[in-house]
Amino acid sequence: MIDLNEIGRSLKEKIAASPDRQAGRSTGRIVYSGDGIIKITGLSDVQYNELLDVRGGYRALALNLEHDSVGAVLFSGEESVRFGDYVYSTGKTLEMKVGEALLGRVVDPLGEPLDGLGEIDAEQSRPIEYPAPAIMDRGKVNKPLQTGILAIDSMIPIGRGQRELIIGDRQTGKTAIAVDTILNQKGENVVCIYVSIGQKASSLAKTVNTLRAGGAMEYTCVVCSTADDAVPLQYIAPYSGCALAEYFMYAGKDVLIVYDDLSKHAVAYRAMSLLLKRPAGREAYPGDVFYLHSRLLERAAKLSEEKGGGSITALPIVETLAGDISAYIPTNVISITDGQIYLESELFNSGVRPAVNVGLSVSRVGGSAQRKAIRKISGQLRINLAQYRELAIFMQFGSELDAATQKTLSRGAKLTDTLKQRQYLNYSVREMIVLLIVAQSETIDAIPAQKVTMFNEGFLDYMRMNKQDVLAEIDPDGEVGEALKGRILAAAEEYLNIAAGGGEEGENA
């Protein structure tokens, strides 16, 4: 019989007798250096993902633990590190500085400031790799995270603790949606973290300036690794951002984190893996590329009240090529996340902004993370849009249409225009309810075609200035009664009459 207690005692004795790793550092020497990769012999007690010190003040990350050598990637000093240089183990894994002091700052993935505003006074740090919360430690995702974008909040709602993928071709407005969502968290008590992975420095500077101009940097930290940075920095950037997000989540706060984008993250990991001579799989990615993203995105969660009730809402971004969402990385991330917002080039080029394809976009949390009033009003929205698109296809055949079909087509086109929204022009929940009530009523028929978006903006201004009492009466978490709907529609009629009688102003409306 196997005595498990005896085996346990024996293991404990061996662990107790083993020398303390921190007591002394083991030393090795570089036997190969090239393309940011070093091979080291003599480091017998290095662990996976351990931080290594290289002579000259450089640092490396141990990734390949082989029989007679250790493969590591350099964070800097690629030109200076030479064959024969000494390398020292540290006994530590990579850590990220965390704390309130990082809010309003732009930092690299190691927590060093990049914005020229001085040193960051952060006393705490967290390991960048950390286990995801256990199932029993998680709570229900039932509190909405408002993006301020009508098309998303009405049909693809995002809950606090959810992972919602933003996917589409380049230049279709993916980053714009993420930035709009960060800007919309002002006053919502949500900490935001924007992680830039392999982006152009000029694009990143524009994003930071936009956040600063909108007053969002007060509650936002930007963790960035640009295209000019070493590949290992691009690889660790999202994990560093997530470590910072976890600090706030375990403190009981709600956090929004944007990964822009995971396609470039996978490419950086592929480059490292190929240089480390790891076996290549589909599209030359290594076999563990799924685990690369799953262990990152699983850390986004809603904690139970017993654990503090904090949450991390993740908005990963993935870039497709020619709309191919069945490629390797897109399908991987789609299968990990709780839904996706699919942006289409054709819609973007035809003037539909944001270019959300409602048919291919979905939220797997759905109505449970949506305000009650919006859920009630937008219930038929997706069906109406689907019917309109189906009829629009038949219309191309040039068949004669009866009055009812023409009305459906007209309403559908105007409903599509209602969902158009200028960048950085976010709506409050009450304003969304007003627009949705008008868009699904007879009033919409009186608005000229192609003028709906302008009408919406003008009408909301009119409501804010003249009908503040009506807006205040709307309860986003309750029912919108028939009497209140009547007052909203009456206000829309009033504004239509004012706009129609206003000469040039009326034409613009």
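That block above? That's the structure.
Because the structure is predicted, anything quoted here is derived from the model rather than measured.

Peer 1: Looking at this model, I keep getting lost on the sheet that holds strand E10 (residues 165-168). Mind explaining?
Peer 2: Pairing between the strands of a sheet is mediated by backbone hydrogen bonds and can be parallel or antiparallel. Strand order in this open sheet of eight strands is E8-E12-E11-E13-E14-E10-E15-E16, and the pairing throughout is mixed. Strand pairing shows two members of the sheet lacking a second neighbour, strand E8 (106-107) and strand E16 (362-363), which therefore form its edges. Inspection of the sheet shows E10 paired to strand E15 (residues 339-343) by four bridges, in the parallel sense. Each residue of the ladder has a partner; that of Ile-166, found in E15, is Ile-341. Sitting on the sheet, helix H5 (residues 231-250) is in contact with strand E11 (190-199), strand E12 (220-226), strand E13 (254-260) and strand E14 (311-319), with an inclination near 175° to E11. Across the sheet, helix H6 (residues 262-275) lies against E11, E13 and E14, angled at about 75° from E14, the strand it touches most.

Peer 1: Looking at this structure, I do not really get the sheet that holds strand E2 (residues 37-41). What am I missing?
Peer 2: The strand order E1-E2-E5-E4-E3-E6 describes a closed barrel built from six strands, whose pairing is antiparallel. Ignoring which end each strand starts from, the neighbouring axes of this sheet average 45° apart. With four bridges joining them, E2 and strand E5 (residues 70-74) adopt antiparallel strand pairing. Paired with Ile-37 across the strands is Val-73, a residue of E5.

Peer 1: Sorry if this is basic, but what is going on with the packing of aromatic side chains here?
Peer 2: What the rule picks out here adds up to nine aromatic pairs. Judged by centre distance (5.5 Å) and plane angle (10°), the ring pair of Phe-455 and Phe-459 falls under stacked. Note that Phe-455 and Phe-459 are positioned in helix H14 (residues 452-466) at a spacing of four residues, about one turn of the helix. A relative accessible area of 1% places Phe-455 in the buried class. Ring geometry for Tyr-462 against Tyr-495: centres 5.7 Å apart, planes inclined by 40°, an arrangement best described as tilted. With a gap of 33 residues between them, Tyr-462 in helix H14 and Tyr-495 in helix H16 (residues 482-500) connect regions that are remote in the sequence.

Peer 1: Is there a simple way to think about helix H4 (residues 201-213) in this case?
Peer 2: Residues spaced three or four apart along an α-helix face the same direction, because each turn holds 3.6 residues. For H4, which comprises 13 residues, the first-to-last C-alpha distance of 18 Å matches the rise-based estimate of 18 Å (1.5 Å per residue) to within 8%. Those residues of H4 that fall on the buried side of the exposure criterion are Leu-204, Thr-207, Val-208, Thr-210 and Leu-211. Looking straight down H4, one finds its buried side chains confined to an arc of 160°; they lie on one side. The outward face of H4, more than 90 degrees from its buried face, is lined by the exposed residues Lys-206 and Ala-213. Buried residues along H4 sit against E8, helix H3 (174-183), E11 and E12. Looking one or two residues beyond H4, the residue adopting positive phi is Gly-215, at roughly 75°.

Peer 1: How should I be thinking about the layout of surface pockets in this particular structure?
Peer 2: Where empty space is left becomes clear once a probe the size of a water molecule has been rolled over the atoms. Estimates place the volume of the largest pocket at around 950 Å³. For the largest pocket, the lining is made up of 33 residues, of which Gln-171, Gly-173, Lys-174, Thr-175 and Ala-176 are closest to its centre. The residue makeup of the lining of the largest pocket, split by class, is 11 nonpolar, 11 polar and 11 charged. Counted as a void, the second largest pocket has a volume near 340 Å³. Contributing to the lining of the second largest pocket are 15 residues, with Tyr-388, Arg-389, Ala-392, Ala-413 and Thr-416 lying nearest its centre. Broken down by secondary-structure element, the contributors of at least two residues to the lining of the second largest pocket are helix H11 (381-395) and helix H12 (403-418). Of the residues contributing to the lining of the second largest pocket, the split by class is eight nonpolar, four polar and three charged.

Quick notes on the rules
- Residues numbered from 1 in each chain as written.
- Predicted model: local features only at pLDDT ≥ 70, side-chain atom pairs only at ≥ 80, totals over all residues.
- Heavy atoms only, no water.
- Pairing = 2+ DSSP bridges.
- Helix = DSSP H or I, 4+ residues; strand = E, 2+ residues; numbered from the N terminus.
- Contact = heavy atoms within 4.5 Å.
- Axes fitted to C-alpha atoms, helices over the stretch in contact; angles between N-to-C directions.
- Phe/Tyr/Trp six-rings, centres within 6.5 Å; stacked < 30°, edge-to-face > 60°.
- Buried < 20%, exposed > 50% of the residue type's maximum accessible area, 1.4 Å probe, protein only.
- Expected span 1.5 Å × (residues − 1).
- Arc of directions from axis to C-beta.
- 1 Å grid on protein atoms, 1.4 Å probe; cavity = no way out; pocket = protein on both sides within 12 Å on 5 of 7 lines; lining within 4 Å.
- Points joined across faces, edges and corners; volume = space filled by probe spheres on them.
- Nonpolar A, V, L, I, M, F, W, Y, C, P; charged D, E, K, R; others polar.

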